[in-house]
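Descriptive analysis of the structure
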Amino acid sequence: MKFLCSISSVVLTAVSIARCSTAAPFVSSNAATLSSSSSVDSVFGVGRGGGIFGGNRKKDSVADVEDKLKAESGETFPALSQEEVEEWLGHIPVFAVTDSNGAGVVLKPDNSTSVMYFFFSPQMANATLAQLKSTNDSLDLKLSAFSLGKIWYKILNNKDQQEIKLKQPGADDSEAEVFSGGDVEYRIVPDTRDLLGARMLLTMTPEDGEEMKKAGDTMTPELAQKAVEKAMTESPEFKENYNEIPIFLIAQMRMQKPAEEGAEPKTILPMYFSLQTMVATWQQFMSAQGDPELKNMEPAINVMNLHKLVEMMRQPSEIDFRSCLLLPPIPAGGPGGAGASPVAAAGAPTPDAMGGGSTLGD
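Owing to the predicted nature of the structure, the values given are computational and were not obtained by experimental measurement. What you see as residue numbers is a count from 1 along each chain, following the sequence as written. For this predicted model, a pLDDT threshold of at least 70 governs which residues receive local features, and a threshold of 80 or more governs which side-chain atom pairs are given and counted, while totals over whole chains, interfaces and linings are taken from all residues. With hydrogens and water set aside, each side-chain value is computed from the structure's full complement of heavy atoms.

1. Comments concerning the packing of aromatic side chains
Ring pairs shown here join Phe, Tyr and Trp side chains whose ring centres sit within 6.5 Å, with only the six-membered ring taken for Trp; geometry is labelled stacked below 30 degrees between planes, edge-to-face above 60, and tilted in between. Inspection of every chain in the model, using the stated rule, returns 3 aromatic pairs. Aromatic side chains Tyr117 and Phe119 sit 5.9 Å apart centroid to centroid with 25 degrees between the ring planes, which places their arrangement in the stacked category. Neither residue differs from the other here; Tyr117 and Phe119 are each classed as buried. Measuring from ring centre to ring centre gives 5.7 Å for Phe118 and Phe146, while their planes differ by 85 degrees; the resulting arrangement is edge-to-face. Partly exposed describes any residue whose relative accessible area lies between the buried limit of under 20% and the exposed limit of over 50%, with all areas from a 1.4 Å probe on protein chains only and scaled to the type maximum.

This is the structure in structure tokens:
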């Protein structure tokens, strides 16, 4: 599985890597590429070598995922309701800088823009908090966690937001300026490592994969830099550092949900925010396999934009999204390991506390 290790080496060279959690997946016996005459290679839908990257990138990510995950029976599943989507996202934490009362802090990188950031990485949120406090020690700010499900429609994707009040932290309500909700731009920021991983997935060719595979444990900084530069300049998706959230999955990987009393165990498809967590989970499972052919297989990894995924869920589909589980990111082990704050380049933006109405996420 040296090719999987190679991509880890590249990302390690570019950014620090979070400690990966483990799980117990298994290979689905009804994957779309599986047939009675399939070789071990074709079970995973890739040839031995560079299959994890490259492949056929002529299809867009939506079509690719639809092809690989649709039910063999051809059954069409009903669309998820807004409430179901909110519940599906509800256990995913995101982090934001707030005042002591939990009111969101709006940054003004220039005179005409007001932005509030939500982060999947608590380390990136902490970096922003530290930057703001460094400009004014008297600011009474903190890091707050919110449910992604509760802010997805109410905050991030709501064009008809209620009026909000903007004021300096600690100022009296009488000093607040009233704005319509649409005057504040809400940005949700993925982990730097996973954004880079998604870009690399979409830009690496089989030839790149073979080159990395040959390098193996002797991966050079030059080779890593070449892959990173290509990912940063040529990726067809995930070009922005915010609002484009990559979700990773291996179509052949399934997990077993323990049976509730009087019910059968449920097979679920895990989807990951963290590429490293997914790869580590797969590697741990495969290393425990007795079959040497199976042990050395490299899976085909898919990446998809979370917004596009939610749009798919809201339509009737041949994919049973009610049997999919979104796994939250695993925080990095060390402080500051998730990369720099996205507002670092903006100088010292002015923080405003966003008051009025309910606390975010309520």
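2. What to know about the pattern of salt bridges
What counts as a salt bridge is simple: a side-chain nitrogen of Lys or Arg found within 4 Å of a carboxyl oxygen of Asp or Glu. For the structure shown, the criterion picks out 5 salt bridges. Put simply, Arg193 and Asp191 hold a salt bridge, and the shortest N to O gap is 2.0 Å. Just as Arg193 is buried, Asp191 falls in that class too. Notably, a salt bridge pairs Lys230 with Asp208, separated by 2.7 Å at the nearest N-O pair. Of the two residues, Lys230 sits in helix α9 (residues 221-234) while Asp208 sits in helix α8 (residues 206-215), which places them 22 residues apart along the sequence. A run of H or I in DSSP becomes a helix once it reaches four residues, and a run of E becomes a strand once it reaches two; helices and strands are each numbered from the N terminus.

3. Quick notes on the confidence of the model for the protein chain
pLDDT is defined as a per-residue confidence score from the predictor, taking values between 0 and 100. Overall, the prediction assigns the protein chain a mean pLDDT of 73, with 64% of residues at 70 or greater. Put simply, helix α2 (residues 40-43) is where the protein chain has its lowest mean pLDDT, 26, and helix α4 (residues 82-89) is where it has its highest, 96. We call two residues in contact whenever any of their non-hydrogen atoms come within 4.5 Å of each other. Counted against residues more than four places away or in other chains, residues 12-25, with its pLDDT under 50, gives 36 contacts. Across residues 27-58 the pLDDT falls below 50, and counting only partners more than four positions away or on other chains, this stretch makes 75 contacts in the model.

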